[in-house]
Amino acid sequence: MSISDGFLHPDRLFPPEPALRNIARDLYATVRDLPIVSPHGHTDPAWFADDEPFEDAASLLVTPDHYLFRMLHSAGVPHAALGLPRLDGTAPQVDGRAIWRVFAEHYHIFAGTPSRLWVDHAMSAVLGCPEPLTPANADGLYDHIGEQLGRPEFRPRALFSRFGMETIATTEGALDPLDHHRKLLADGWIGRVRTTYRPDAVTDPEAPGFAENLQCLGEITDTDTASWDGMIEAHRRRRAFFREHGATATDHGAPSAQTADLPLPEKQRLLDMALKGALTPTEAELFRGQMLTEMAGLSAEDGMTMQIHAGSRRSTDRALLSTYGPNMGADIPARADWVGGLDALLNRHGHASGLRIILFTLDESTYARELAPMAGHWPCLLIGPPWWFHDSPNGIRRYLDQVVETAGFANLAGFNDDTRALLSIPARHDVWRREVCGFLARMTAEHRMDGAEAEKIATELCYGLAKRAYRL
Amino acid sequence: MSISDGFLHPDRLFPPEPALRNIARDLYATVRDLPIVSPHGHTDPAWFADDEPFEDAASLLVTPDHYLFRMLHSAGVPHAALGLPRLDGTAPQVDGRAIWRVFAEHYHIFAGTPSRLWVDHAMSAVLGCPEPLTPANADGLYDHIGEQLGRPEFRPRALFSRFGMETIATTEGALDPLDHHRKLLADGWIGRVRTTYRPDAVTDPEAPGFAENLQCLGEITDTDTASWDGMIEAHRRRRAFFREHGATATDHGAPSAQTADLPLPEKQRLLDMALKGALTPTEAELFRGQMLTEMAGLSAEDGMTMQIHAGSRRSTDRALLSTYGPNMGADIPARADWVGGLDALLNRHGHASGLRIILFTLDESTYARELAPMAGHWPCLLIGPPWWFHDSPNGIRRYLDQVVETAGFANLAGFNDDTRALLSIPARHDVWRREVCGFLARMTAEHRMDGAEAEKIATELCYGLAKRAYRL
Amino acid sequence: MSISDGFLHPDRLFPPEPALRNIARDLYATVRDLPIVSPHGHTDPAWFADDEPFEDAASLLVTPDHYLFRMLHSAGVPHAALGLPRLDGTAPQVDGRAIWRVFAEHYHIFAGTPSRLWVDHAMSAVLGCPEPLTPANADGLYDHIGEQLGRPEFRPRALFSRFGMETIATTEGALDPLDHHRKLLADGWIGRVRTTYRPDAVTDPEAPGFAENLQCLGEITDTDTASWDGMIEAHRRRRAFFREHGATATDHGAPSAQTADLPLPEKQRLLDMALKGALTPTEAELFRGQMLTEMAGLSAEDGMTMQIHAGSRRSTDRALLSTYGPNMGADIPARADWVGGLDALLNRHGHASGLRIILFTLDESTYARELAPMAGHWPCLLIGPPWWFHDSPNGIRRYLDQVVETAGFANLAGFNDDTRALLSIPARHDVWRREVCGFLARMTAEHRMDGAEAEKIATELCYGLAKRAYRL
């Protein structure tokens, strides 16, 4: 990365013990400037397609970040004070500066959290703020950031280059027309930016508008999605369309890792019922599980890497959901059963040549108990990096501590930042790189590997593994 | 705390790495003499009301402490050898000195456990013993402690002052007449000592004598507890009575975190059945769950902080239960489901203004997966400190490691000692303070916060958070 | 151990912080040469009975080790390339050197895993290889090892002595004729080598050939195994036969820790159905659970230590199972419920005098939540060392971190290596000893115990506890 540390300490996150710190520093020197590969995330493709300047500090850093507004909410800040838009289309009139001041007043509650690291990094290393945010300097920093954002080097494509990014994947629903990616294709930017096939709206019968979604999928792919085979064919075609726009991967969010492998008549029966909205919750789970198995089958055919993000209970705060909609910070992890859940899928497709499936968990108790032993056996399985609440310094330490001994390094998928916040991308990769170096420093200092091996593995973890996992 | 270290090493529990140890020492200097706030525990209010001297070392330190006699039992020491009273009223005649000798002979089995730290601290820092207990010095130390206990400065109120305590809460059942607290009120000691409203005997239909208990509650509150609304009114009045005796909090023990939000006719039906003793286990769970929701509603009304201690399987050794009764060391934690369990309660009352609920878990796998994300969203939720078996140096380390990054510090409830053992109170708070300083020392040494911020947070964790969590 | 470090660093695995490392080194000096007690494992008794030389590096180190071939498989190496025999009796013709080369080409994938430590140790400290395996030196090392294996000091009995082994237990099924142990008895080697009673094939009604197995058990014990009491008597007699061949323990593998305590008619009904192969999966679980309780009853009678290894989902890759059979690396841990599971057994036999039961888990979330509190109460329970995937440096750290504070050291069963790989035995005990010293070094440096206490506990953990746990 060609960005400086600014007000951040150059040794941040390294182990403080001198012997370890020195090794970590040396390792970090070999990985800090590797290109950023960001194979999974939720940035807005319009940024890269249109390359318009960002507006202000609040709308850039605060209001799109559910890590931030969930904590502000827990501290008693009403969503209205942040001007967040409601489902009914109304939004309180709060100007950016007022939002920024509220954020500054509460910035201390982020002490010890990764949000603090990411925001500090964005403000310091990217936006050139001279010191961390406080209530006293809020106005000044707001103005400073506003000025910066008006300059050409803060437009999205310039940031892409400045961050040393090699490629970034966005995530679009199966029905998305990919207009922005079409423009990126025309501009020769596909490859640097890619889409990812995320079909939840047409694979989850409990998704809003499921029947209409599926009909729409049939129309745009010229298939009959009321028949099971037709529906699978529709996915096959739509995946090809996504691949034309750079996609090398699919992504699947599910409340659990449950999969199924049913006979065709039973699948058709489930589809019939799903289209009528007549599935029980258990049948809906079965439908989703069958669709995961189907998607693995298609990945075995077309070579797209399959990502499974399972185990979040979505929208547990129903008043919030009805007023503000989903993704407002009330999604909470649940226990996961990966061994039982993936049984059907793996026994159907687990030996398919070239199949690659990356598993992301929110239940850390499955790292050592389930994911590492599974990835240490099945050739198709890779363990994704720590996800969501666990993408933090201590979260990364627990992850490496618990997966490496049983899965080795080669069964990991490297890092991905999974973010909506463009400016946090270098920060997140930097945290991963520092933690990787800290982990390997201890391995080296304990004489479990030598320095040359640690360097190779660090490079793999920060660059090579992600490229191979996603076929980039 | 105005008590010395005695034979304890002044650097105990601090990280041994010199750079970390120095930071931890400095932080500890700022918190070691903060007043002790003990907002939840099980000390005997008679001690403070009557201020009588304690009897001897065995009855003070050994026989009331189930942490100790459970381990002695696991090592083959029969309960009879400790003179523990049986349910039938008989108790083997064992004099204090004999019990003390048995304890001394087995004291080595506590190596590495927090009991060892607490007992060593009580003997050294409080009772002035010159060295740790051994079989060889058991008699001498028994005599020494006996002499000390006869002196006025070892009476309960003197210890309260000497320990630097600002306030302590005891825990009484809803039907308790609070005689001791009435005396404390007359003596001007309410505020220093408080009660806590623990209504399990009238909220758990599987509690012994449930129907009689509920009738008794009706009588003392002049309500009809055979009707649902009357029963709730009875709680409302009884809570007010407890508040007159210093209570700012309620406490609820439950095998699981299951809650419910049923319509009134269903609630009345459950109550009718409960009074007849005719609930199935599932219905009993539902009744308990509904009562948790009702209690949250009352807390939203009257401002009492609600504590939920969930997840212990009580009395798993049934022979022990039938001979010695409950609380004999055979309560073992179970898996918990906080997200699913609290769903009904939170969606009913989770946004009530001023509501405060503190969650205590015995399932550490829920720290990062459930409790931290929940507390990081819901304004009413705070995470209680490590509880029971996890209130230990390594237990505290795992807790801070797993909750802070996702919940921040402001969503924690500080520390409480939850003890029956008066003399262990300074030891337990001291362990917490040392561990907090160790944790923050590493955060500082890794440049995740600066020294001034660490000092503020240490003070919060050791004093401020507990006061605000319990409105003290 | 009288074996040198070879190319291994003498400080491997010790904490790198100088203060901790020095303490760890001193502690290690007191335990490194203690005799090896190996009370549970799966070495081949024919080795010790026949004392024949091993063949070559591949058949000695690679092909019998499912830790190795599972990882090779996950990296895409087909089982055929390792010459692994199929269920149908065929085996691809691959010579040892070719297998060894494949292993060498992939040896880098074991970086960070315990397999790497074990293989490096065997090659260096035992086989005298001058450097770690690489593709470049594969042929040379293959030849070197081949030469070594031809020398008398590399025969099994010589290795037994050279490793400083005091005793090793193998594991045999209840129907095994114990021919090798009979020879060992004749040679005066029983005591050094022992068998262990593993009756799964006659206690699990879902085991292949269950009815025939049970009939066979009846024949060799002259009992009627179609009646419940007769079947129990058959076990009683067979256990006595095993004790004549050195057994002091039994071992039980089960998918879960579920136990039962049923009335005799219900037990007989289950047995009748089991012999007909007519049990439902739930009833089969009940049968297995009842048999665990029966085995505890027999242990209470005859003093054999009972080992329960629960929580593995066996053969999750069914294509692999049908081609290669079980134990091919696709056994994956599952969540465990020890508290609920053992309830029936413990409430039946938990207070039996002299009963000793060692629990082994693959669900680390049960260490602190269930196993440590249970062992800290029940006199009969001991916690077994980290098992299978968790028998690694970090796995041992998590184990000690999570069990010691609640169970103390005296409720642990010391170490056992549980291996099929003779040459890994010194390596595995050495890893345990180093980790124990590292753990106690930190306890000492944090002033939670003094050096003399740490030395005693280290000796217990590396020697004394295992001897007492298994009555050796």
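Residues numbered from 1 in each chain as written. Chains lettered and ligands numbered in written order. Predicted model: local features only at pLDDT ≥ 70, side-chain atom pairs only at ≥ 80, totals over all residues. Heavy atoms only, no water.

1. Some words on the interface of chain A and chain C
Facing the 41 residues of chain A at the interface are 43 residues of chain C. Each partner contributes to the roughly 3400 Å² buried at the junction of chain A and chain C, and carbon and sulfur atoms together form 50% of this total. Per-residue buried area on chain A facing chain C is highest for Arg369, His377 and Glu405 of chain A; these three make up 21% of the total on that side. Applying the counting criterion to the chain A and chain C interface returns 7 salt bridges. One salt bridge in this structure joins Arg442 of chain A and Glu17 of chain C, with 2.7 Å as the shortest N-O distance. At the junction of chain A and chain C, the tally comes to 21 residue pairs in polar contact (both at pLDDT 80 or more). With 8 residues, the single largest contributor to the side of chain A that touches chain C is helix α18 (residues 365-375) of chain A. Its residues assigned to classes, the side of chain A that touches chain C shows 18 nonpolar, 11 polar and 12 charged. (Contact = heavy atoms within 4.5 Å. Buried area = accessible area lost by both parts, 1.4 Å probe. Salt bridge = Lys/Arg side-chain N within 4 Å of Asp/Glu carboxyl O. Polar contact = N/O pair within 3.5 Å; in protein donor to acceptor, adjacent residues only side chain to side chain. Helix = DSSP H or I, 4+ residues; strand = E, 2+ residues; numbered from the N terminus. Nonpolar A, V, L, I, M, F, W, Y, C, P; charged D, E, K, R; others polar.)

2. Digging into the relation of the copies chain A and chain C
Put simply, the two copies of the chain differ by a rotation about an axis and a shift along that axis. Placing chain A over chain C gives an RMSD of 0.0 Å and needs a rotation angle of 120°, together with 0.0 Å of translation along the axis. As the rotation angle and translation indicate, the two copies are arranged about a three-fold axis. A share of only 7% of interface residues in chain A that are also interface residues in chain C marks the association as one of differing surfaces. (Least-squares fit on C-alpha atoms with pLDDT ≥ 70 in both.)

3. Some details on unusual backbone geometry
Positive phi values are uncommon outside glycine, yet His447 of chain A reaches one of about 60°. Looking at His447 of chain A, the relative accessible area reads 29%, which means it is partly exposed. Here Asp418 of chain C, not a glycine, exhibits a phi torsion of approximately 50°, which is positive. With respect to the helices, strands and loops of the structure, Asp418 of chain C is situated in the loop between α19 (393-407) and α20 (425-445). Given a relative accessible area of 18%, Asp418 of chain C falls into the buried group. (Buried < 20%, exposed > 50% of the residue type's maximum accessible area, 1.4 Å probe, protein only.)

4. What about the domain arrangement of chain A?
Residues and elements named next belong to chain A. Domain parsing of chain A yields domain 1 (18-53 + 156-469) and domain 2 (54-154). Taking the mean C-alpha position of each, domain 1 and domain 2 sit 28 Å from one another. Across the contact, 31 residues belong to domain 1 and 27 residues belong to domain 2. Carbon and sulfur atoms supply 67% of the area buried between domain 1 and domain 2, which totals about 2500 Å² over both sides. Taken together, the connections running from domain 1 to domain 2 amount to 0 salt bridges. Counting the contacts that link domain 1 with domain 2 gives 3 residue pairs in polar contact (both at pLDDT 80 or more). Looking at the side of domain 1 that touches domain 2, the elements with two or more residues in it are α8 (156-162), α15 (318-324) and α20 (425-445). Grouping the amino acids of the side of domain 1 that touches domain 2 by side-chain chemistry returns 18 nonpolar, 7 polar and 6 charged. (Domains from an automatic or database assignment.)

5. As for the packing of helix α12 (residues 228-244) of chain A against helix α14 (residues 281-302) of chain A
All names here are of chain A. Taken N-terminus to C-terminus, the directions of α12 and α14 make an angle of 50°; their axes are 11 Å apart at the nearest point. Put simply, α12 runs oblique to α14. Crossing handedness for the pair α12 and α14: right-handed. Judged by residue contacts, Trp228, Met231, Ile232, His235, Arg236, Arg239 and Arg243 of α12 engage Phe287, Gln290, Met291, Glu294, Met295, Leu298, Ser299, Glu301 and Asp302 from α14. Of the residues contributing to the contact of α12 with α14, the split by class is 7 nonpolar, 3 polar and 6 charged. (Axes fitted to C-alpha atoms, helices over the stretch in contact; angles between N-to-C directions. Parallel < 35°, antiparallel > 145°, perpendicular 65-115°, else oblique. Left-handed = near helix turned anticlockwise from the far one by under 90°.)

6. Structural notes on helix α1 (residues 18-31) of chain B
All names here are of chain B. Taking 1.5 Å per residue, 14 residues should reach 20 Å; α1 reaches 20 Å between its end C-alpha atoms and fits that length. Among all positions in α1, only Leu20, Arg21, Ala24, Leu27, Tyr28 and Val31 are buried. End-on view of α1: buried residues confined to an arc of 130°, all on one side of the axis. Counted as exposed and oriented over 90 degrees from the buried face of α1: Pro18, Asp26 and Ala29. (Expected span 1.5 Å × (residues − 1). Arc of directions from axis to C-beta.)

7. Considerations on the sheet that holds strand β2 (residues 165-169) of chain C
All names here are of chain C. In spatial order, the strands read β1-β2-β4; together these 3 strands make up an open sheet with parallel pairing. The strands lining the two open edges of the sheet, one partner per strand, are β1 (36-38) and β4 (193-194). Both β2 and β4 contribute to a ladder of 2 bridges, which runs parallel. By the bridge assignment, Ala169 is partnered in β4 with Arg194. The strands touched by α20 are β1 and β2; relative to β1, the strand with the most contacts, the crossing angle is about 105°. (Pairing = 2+ DSSP bridges.)

8. Concerning the relation of the copies chain C and chain B
For the pair chain C and chain B, the best superposition has an RMSD of 0.0 Å and corresponds to a rotation of 120° with a translation of 0.0 Å parallel to the axis. A share of only 7% of interface residues in chain C that are also interface residues in chain B marks the association as one of differing surfaces.

9. What about the interface of chain C and chain B?
Between chain C and chain B, the residue contacts involve 41 residues of the former and 43 residues of the latter. Together chain C and chain B conceal approximately 3400 Å² of surface at their shared face, both sides included; 50% is due to carbon and sulfur atoms. Sorting the residues of chain C by area buried against chain B places Arg369, His377 and Glu405 of chain C first, and these three jointly supply 21% of that buried surface. Inspection of the chain C/chain B interface yields 7 salt bridges. The tally of links from chain C across to chain B stands at 23 residue pairs in polar contact (both at pLDDT 80 or more). The set of elements that each furnish at least two residues to the side of chain C that touches chain B consists of α16 (338-341), α17 (343-349), α18 (365-375), α19, α20 and α21 (451-469) of chain C. Here the side of chain C that touches chain B takes 8 residues from α18 of chain C, the largest share from any one element. Broken down by class, the residue content of the side of chain C that touches chain B amounts to 18 nonpolar, 11 polar and 12 charged.

10. A word on the pairing of strand β7 (residues 305-310) of chain C
For a regular strand, the rule is simple: side chains alternate between the two faces of the sheet. Residues and elements named next belong to chain C. Burial analysis of β7 places 6 of its 6 residues in the buried class, which makes it a mostly covered element. Side chains Thr305, Gln307 and His309 of β7 all project onto a buried face; the interleaved residues Met306, Ile308 and Ala310 project onto the opposite face, where all are buried too. Relative to β7, strand β6 (residues 249-254) runs parallel, the two sharing 6 bridges. In the sheet register, Asp251 faces β7, and the bridge partner there is Gln307. With 5 bridges connecting them, β7 and strand β10 (residues 357-361) associate as parallel partners. In the sheet register, Gln307 faces β10, and the bridge partner there is Ile358.

11. Quick word on the packing of aromatic side chains
The tally for this structure, following the rule as stated, stands at 60 aromatic pairs over all chains. A ring pair is formed by Trp387 of chain C and Trp388 of chain C, whose centres lie 5.5 Å apart and whose planes are at 55°; its orientation type is tilted. Of the residues examined, Trp388 of chain C reaches a relative accessible area of 10% and is grouped as buried. For the ring pair Trp388 of chain C and Phe389 of chain C, a centre distance of 5.4 Å and an interplane angle of 20° mean the geometry is stacked. Each member of the pair, Trp388 of chain C as well as Phe389 of chain C, is classed as buried. An aromatic cluster is defined as three or more aromatic residues linked by ring pairs; in this entry it consists of Trp100, Phe103, Tyr107, Phe110 and Tyr142 of chain A. Between Arg428 of chain B and the ring centre of Trp118 of chain B, over which it is positioned, the NZ or CZ distance is 3.7 Å. (Phe/Tyr/Trp six-rings, centres within 6.5 Å; stacked < 30°, edge-to-face > 60°. Lys NZ or Arg CZ within 6 Å of the ring centre and 35° of its normal.)

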